[in-house]
Amino acid sequence: MAAKATIFGIKNCDTMKKARTWLDANGVVYDFHDYKASGAPRDKLEQWVKKTGWEILLNRAGTTFRGLPDKDKQSLDEKKAIALMLAQPSMIKRPVLVRGGEITVGFKPESYAAFFKAKK
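Residues numbered from 1 in each chain as written. Predicted model: local features only at pLDDT ≥ 70, side-chain atom pairs only at ≥ 80, totals over all residues. Heavy atoms only, no water.

A. Seen up close, unusual backbone geometry. The step from Arg-94 to Pro-95 runs through a cis peptide bond, and the omega angle for that step is -15°. On the secondary structure map, Pro-95 appears in the loop between helix H7 (78-87) and strand S3 (96-99). In this structure, Ser-75 is a non-glycine residue whose phi angle is positive, near 55°. (Helix = DSSP H or I, 4+ residues; strand = E, 2+ residues; numbered from the N terminus.)

B. Molecular detail of the packing of aromatic side chains. The full count for this structure, using the stated rule, is 6 aromatic pairs. Each ring, one from Trp-22 and one from Tyr-112, has its centre 5.5 Å from the other, and the planes form 90°; the classification is edge-to-face. Residue Trp-22 is found in helix H1 (residues 14-25), and its partner Tyr-112 is found in helix H8 (residues 109-118); the two are separated by 90 residues along the sequence. Trp-22 sits in the buried class, given a relative accessible area of 15%. Residues Trp-22 and Phe-116 carry aromatic rings whose centres are separated by 5.9 Å and whose planes lie at 25° to one another, so their mutual orientation is stacked. Of this pair, Trp-22 sits in helix H1 while Phe-116 sits in helix H8, placing them 94 residues apart in sequence. (Phe/Tyr/Trp six-rings, centres within 6.5 Å; stacked < 30°, edge-to-face > 60°. Buried < 20%, exposed > 50% of the residue type's maximum accessible area, 1.4 Å probe, protein only.)

C. Structural context of the environment of Ala-114. Within the secondary structure, Ala-114 is located in helix H8. Judged by relative accessible area, Ala-114 falls into the partly exposed class, the value being 45%. Placed 41 residues apart in sequence, Ala-114 and Lys-73 show a C-alpha to C-alpha distance of 34 Å.

D. Region of the structure containing H7. Inspection of H7 places Ala-81, Ile-82, Leu-84 and Met-85 among the buried residues, and these make up the whole buried set. The buried residues of H7 occupy an angular sector of 160° when the element is viewed end-on, so they sit on one face. Opposite the buried face of H7, by more than 90 degrees, sit the exposed residues Lys-79 and Ala-87. Contact partners of the buried residues in H7: helix H3 (42-52), helix H4 (54-57), helix H5 (63-66) and helix H6 (70-73). Structurally, the start of H7 carries an N-cap: the backbone nitrogen of Lys-79 is 3.3 Å from a side-chain oxygen of Asp-77. (Arc of directions from axis to C-beta. Contact = heavy atoms within 4.5 Å. Polar contact = N/O pair within 3.5 Å; in protein donor to acceptor, adjacent residues only side chain to side chain.)

Rendered as structure tokens:
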């Protein structure tokens, strides 16, 4: 039996809604972790950074990041990026989908199809 997926994000995010709709339509069983309700788990965030790199996870295009003071946006490194994402989980690119130790960040239907096909 395939490992159960967990999708991490924010309930009202449009991209999250599209990803969850895709998962439901494709019969994928998953748990949902809402950052707004439960926060961002440090251990998971650190694992994701190791697998993908903080540059992929930190959503620099979002309004939360763009609204930071310049001093917080300069000289970014892994430690500073993790601290920012823990303090404001809205800065984590959404969704983060984890299944069987593998991870994919963001949502594109073709990427999800490939992710689940490879994991069967």
